[in-house]
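Chain by chain, the residues:
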Amino acid sequence: MYNITAYLTIKNKTFYTVLTYYVEGQRKLKWISTGIKENESKKKAEKKLIQIRDEFKEKLETITTTKTEDKKIQITFADFMIKWLDMIKHQIEESTYTGYKRQIEGRLKTYFTEHPILLVNLKPVHILDFYNWLYSEGLKGTTVTLYHANIRKALDYAVQTDLIETNPAIKVGRPKSEQYIASYYTEDELNKLFKIIKDTPIEVIVTLTAFYGLRRSEVLGLKWSAIDFENKTITIKHKVITVTDENEDSKTKTKMITKDKTKNKSSYRTLPLIYEVEQLLLYTKKMQEYYMSIFRDSYERKYKEYICVDELGNLRKPDYVSHKFKETLKKNDLRHIRFHDLRHSCATLLLKKGISLREIQDWLGHSSSKTTERYAHLDSSTKIKSASAIEKALSFNKDIKKDILDQDSNTSTLDNFLNC
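The present account deals with the structure reproduced in this document.

## Things to note about the pairing of strand S2 (residues 14-23)
- Counting buried residues along S2, eight of its ten residues qualify, which places the element largely inside the surrounding structure.
- The sheet contact formed by strand S1 (residues 5-11) and S2 spans seven bridges and is antiparallel. Note that in S2 the partner of Thr 9 across the bridge is Tyr 16.
- In sequence, S1 turns back onto S2 through a hairpin of two residues, with Asn 12 there showing a positive phi of about 55 degrees.
- Bridging between S2 and strand S3 (residues 26-37) involves nine bridges; their strand directions are antiparallel. By the bridge assignment for S3, Tyr 22 is matched with Arg 27.

Below, the structure is given as structure tokens:
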């Protein structure tokens, strides 16, 4: 809405309407003749002034609306997604933003630059075509689902800001994710692994991860303040992550971020301090103090509150841990699993020892029970009980079959049974 003031003045013996208004903060003047001479009725001129002002105001608002609509029409879907990315940058975790950016400025921008479509013209079929292209690029359903989630959120914002009337992504079915089957080590394999990593740089990292089913970010974020040696507890409440980004020269850079919080509310948890772990932590603490004393000024004291540091006090990097773990398995002819699969190994071991899914959820810090239920198929003990119950209940023809098997040479008996 425009606030327009108007007054009469005389120019060349004719009444003129002078309009004053603002456009984008700038003051504007508009002179419009009323067509009424100076020697005619002033009241008639004032009446004409009101008519001129109202008509001009209506015209001005129509022009502004048209320009706004033109702006909406001109923005492409790819450009909108990049603008949306900038808008949410300070509302989400840096690591989350990095993932979004990799998606949007990567494959999404590539595809919709080659297949340009205006935001207002975007239809469900265009989104489906993009998903099919992602599949053709070798991406799995789980990854395509992440694209779908971001596109839907971005288009929700477009609806809220009146850029489009409806969200076309709502009409697109959520891509189907593959059934997740985790790799894991058995109890024997874990015990063999513990012997191999003894006195290596990743001993404390692997041990903590396997015993407590920690995420990589959680184990690297552990601080000495999280260990209560008196009350025998360990609290998971910090994390260390890496994010990748591009600088102004389009060169990829990686940086490590320390966070005094966990992935989600459920991830914050306090667990009993297991004796073997306690002894290893006490030894680790003693060795850190030793390294600090011999390296003195060369020792990095910035991270002295952290547990997982190297001999010079530097934080262990996530990529180093994964690489060193893989190298250790290969060198010692152990079956290959990812470092994160130690978390799965912990969950599987607990399940096989009779620990309930609810208790495992609390131990691992899962925010949803659905995440923990991924391991339910591994609980063979309940299946054996079910099979035994079925066998006892449905034992028809058992004696007949036994007689047949005892008389292999008696083909006429077998024929009779098969003809029943």
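## As for a nonpolar patch on the surface
- Together, Tyr 290, Ile 294, Phe 295 and Leu 312 give the surface a local cluster of nonpolar side chains, amounting to about 350 Å² of exposed area.
- Tracing the sequence through the fold places Leu 312 in the loop between helix H9 (275-295) and helix H10 (318-331).
- Residue Leu 312 is classed as partly exposed on the basis of its relative accessible area of 34%.

## Observations concerning the layout of surface pockets
- By volume, the second largest pocket amounts to about 370 Å³.
- What lines the second largest pocket is a set of 18 residues, among which Thr 200, Pro 201, Thr 284, Met 287 and Tyr 291 lie closest to the centre.
- Broken down by secondary-structure element, the contributors of at least two residues to the lining of the second largest pocket are helix H7 (203-212) and H9.
- Per-element accounting of the lining of the second largest pocket gives the leading share, six residues, to H9.
- Class assignment for the residues of the lining of the second largest pocket results in ten nonpolar, three polar and five charged.

## So, the sheet that holds strand S4 (residues 227-228)
- In space, the three strands of this open sheet follow the order S4-S5-S8, with antiparallel pairing throughout. Two strands lie at the open edges of the sheet, namely S4 and strand S8 (269-272), each paired on one side alone.

## Focus on helix H4 (residues 124-136)
- Over its 13 residues, H4 runs 19 Å from end to end, which matches the ideal 18 Å to within 8%, given 1.5 Å per residue.
- Buried-residue contacts for H4 involve helix H3 (94-114) and helix H5 (141-160).
- Of the residues flanking the end of H4, it is Gly 138, one or two places downstream, whose phi is positive at about 95 degrees.

## Some points on the packing of aromatic side chains
- Counted according to the given criterion, the structure contains 17 aromatic pairs.
- Ring centres of Phe 77 and Phe 112 lie 4.8 Å apart, and the angle between their planes is 80 degrees; on these two criteria the pair is classed as edge-to-face. Placement of the pair is Phe 77 in helix H2 (residues 77-88) and Phe 112 in helix H3, with a sequence separation of 35 residues.
- Geometrically, the ring pair formed by Phe 194 and Phe 211 is tilted, given 5.5 Å between the ring centres and 35 degrees between the ring planes. Here Phe 194, found in helix H6 (residues 187-197), pairs with Phe 211, found in helix H7; they are 17 residues apart in sequence, far enough to count as distant.
- Here a set of aromatic residues connected by ring pairs shows up, and it is made of Phe 77, Tyr 111, Phe 112, Phe 130, Tyr 131, Trp 133 and Tyr 147.

## Here's the deal with the pattern of salt bridges
- In this structure the tally under the stated criterion is eleven salt bridges.
- Linking Lys 324 and Glu 327 is a salt bridge whose minimum nitrogen-to-oxygen distance equals 3.3 Å. One end of the pair, Lys 324, and the other, Glu 327, are both in helix H10, three residues apart, so they sit about a helical turn from each other.
- One network of salt bridges, with partners in common, ties together Arg 215, Glu 218 and Arg 269.

## What to know about the nonpolar core
- Counting 46 residues, the largest nonpolar core has Leu 193, Leu 208, Tyr 212, Ile 234 and Leu 281 as the members making the most contacts within it.
- A total of six residues in this core trace back to one element, the largest contributor, which is H7.
- Among residues more than four places away in sequence, those in contact with Leu 208 are Gly 213, Leu 214, Val 219, Leu 222, Ile 234, Val 277 and Leu 281.
- One finds Phe 80, Tyr 131, Ala 158 and Val 172 within the second-largest nonpolar core, a separate group that totals 33 residues.

## Quick word on unusual backbone geometry
- Here the phi dihedral of Asn 12 falls at roughly 55 degrees; this positive angle occurs in a residue that is not glycine.
- Here Asn 12 shows up in the loop between S1 and S2.
- At Lys 232, a position not held by glycine, the phi torsion is positive, near 60 degrees.
- By the secondary structure assignment, Lys 232 is in the loop between S4 and strand S5 (233-236).

## A short note on the environment of Trp 31
- By the element assignment, Trp 31 lies in strand S3.
- Linking Trp 31 and Thr 9, residues 22 residues apart in sequence, is a C-alpha distance of 9.4 Å.
- In contact with Trp 31, not counting residues within four places along its chain, are Thr 9, Lys 11, Tyr 16, Thr 17 and Val 18.

## Overview of the sheet that holds S1
- The strand order across the open sheet formed by three strands is S1-S2-S3, and the pairing between neighbours is antiparallel. A single partner strand is all that each edge strand has here, and the edge strands are S1 and S3. Neighbour-to-neighbour, the strand axes of this sheet turn through a mean angle of 30 degrees, independent of strand direction.

Conventions used here
- Residues numbered from 1 in each chain as written.
- Predicted model: local features only at pLDDT ≥ 70, side-chain atom pairs only at ≥ 80, totals over all residues.
- Heavy atoms only, no water.
- Buried < 20%, exposed > 50% of the residue type's maximum accessible area, 1.4 Å probe, protein only.
- Helix = DSSP H or I, 4+ residues; strand = E, 2+ residues; numbered from the N terminus.
- Pairing = 2+ DSSP bridges.
- Patch = residues over 30% accessible without salt bridge, like charges linked within 9 Å, V, L, I, M, F, W, Y side chains within 5 Å.
- Areas by Shrake-Rupley, 256 points an atom, 1.4 Å probe, with all protein chains shown as cover.
- Salt bridge = Lys/Arg side-chain N within 4 Å of Asp/Glu carboxyl O.
- 1 Å grid on protein atoms, 1.4 Å probe; cavity = no way out; pocket = protein on both sides within 12 Å on 5 of 7 lines; lining within 4 Å.
- Points joined across faces, edges and corners; volume = space filled by probe spheres on them.
- Nonpolar A, V, L, I, M, F, W, Y, C, P; charged D, E, K, R; others polar.
- Expected span 1.5 Å × (residues − 1).
- Contact = heavy atoms within 4.5 Å.
- Phe/Tyr/Trp six-rings, centres within 6.5 Å; stacked < 30°, edge-to-face > 60°.
- Core = buried A, V, L, I, M, F, W, Y, C linked by side-chain atoms within 4.5 Å.
- Axes fitted to C-alpha atoms, helices over the stretch in contact; angles between N-to-C directions.

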